[in-house]
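These are the residues of each chain, in order.
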Amino acid sequence: MDRIKKSLKCPVCYFTFDINTRIPRVLTCGHNLCGSCCSKIYTEGSITCPICKKDNCYDNVSLITQNYIVIEMIQEIKATDEPMFKLKNNPF
Ligand SMILES: [Zn+2]
Ligand SMILES: [Zn+2]
């Protein structure tokens, strides 16, 4: 599980992807970046991939494909990682 968690980090800012500001997004070159880095790197209709330096053109940051597999994994990990959170919501 720890190895999986490591791969769920943005390769640019090293923060773990989440489902809010750091949504995992896949550039057309195939690399994953978090939403926060995407907005930072985005300039005038394109993002230059920090990993392979390829230009990826988008009209808007929100149009970059979200990596739903990673999003699902994050939610899965959250569910197993936070038993206390579940207990708190348990009426018993
Ligand atoms: Zn990032
Ligand atoms: Zn790339």
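Here, every reference points to the structure presented above.
Residues numbered from 1 in each chain as written. Chains lettered and ligands numbered in written order. Predicted model: local features only at pLDDT ≥ 70, side-chain atom pairs only at ≥ 80, totals over all residues.

Asker: For this particular structure, what's the right way to read the overall build of the protein chain?
Answerer: Secondary structure summary: the protein chain contains four helices and four strands in total. The helix and strand sequence of the protein chain, counted from the amino end, reads α-β-β-α-β-β-α-α. The buried share of the protein chain, reckoned over its 92 residues, is 17%. (Helix = DSSP H or I, 4+ residues; strand = E, 2+ residues; numbered from the N terminus. Buried ≥ 20, exposed ≤ 12 C-beta atoms within 10 Å, placed from the backbone.)

Asker: How should I be thinking about the environment of Arg-22 in this particular structure?
Answerer: Examined against the element boundaries, Arg-22 turns out to sit in the loop between α1 (2-7) and β1 (24-26). A residue is classified by how many C-beta atoms lie within 10 Å of it, and Arg-22, with 20 of them, is buried. For the pair Arg-22 and Cys-37, spaced 15 residues apart in sequence, the C-alpha separation works out to 8.0 Å. Residues in contact with Arg-22, not counting those within four places in the same chain, are Cys-10, Phe-15, Phe-17, Cys-34, Gly-35 and Ser-36. (Contact = placed C-beta atoms within 7 Å.)

Asker: Whenever I open this one, helix α3 (residues 68-81) confuses me. Can you help?
Answerer: The α-helix winds at 3.6 residues per turn, so residues separated by three or four positions along the chain end up facing the same way. With 14 residues, α3 extends 20 Å between its outermost C-alpha atoms, agreeing within 8% with the 20 Å of an ideal straight helix rising 1.5 Å per residue. Summarising burial for α3: one of the 14 residues are buried, a small minority. (Expected span 1.5 Å × (residues − 1).)

Asker: Got a minute to help me understand the nonpolar core in this structure?
Answerer: In summary, soluble globular proteins display a tendency toward joint burial of nonpolar side chains. Membership of the largest hydrophobic core is limited to 10 residues, which are Cys-10, Phe-17, Ile-23, Leu-27, Leu-33, Cys-34, Cys-38, Ile-47, Ile-64 and Ile-74. Leaving out residues up to four positions away in the same chain, Leu-27 has contacts with Leu-33, Ile-47, Cys-49, Asn-56 and Ile-64. (Core = buried A, V, L, I, M, F, W, Y, C linked by C-beta atoms within 7 Å.)

Asker: It is not clear to me how the environment of Lys-78 should be interpreted in this structure. Could you clarify?
Answerer: Note on placement: Lys-78 falls in helix α3. For the pair Lys-78 and Asp-18, spaced 60 residues apart in sequence, the C-alpha separation works out to 9.9 Å.

Purely geometric stuff here, so don't read any function into it on its own.
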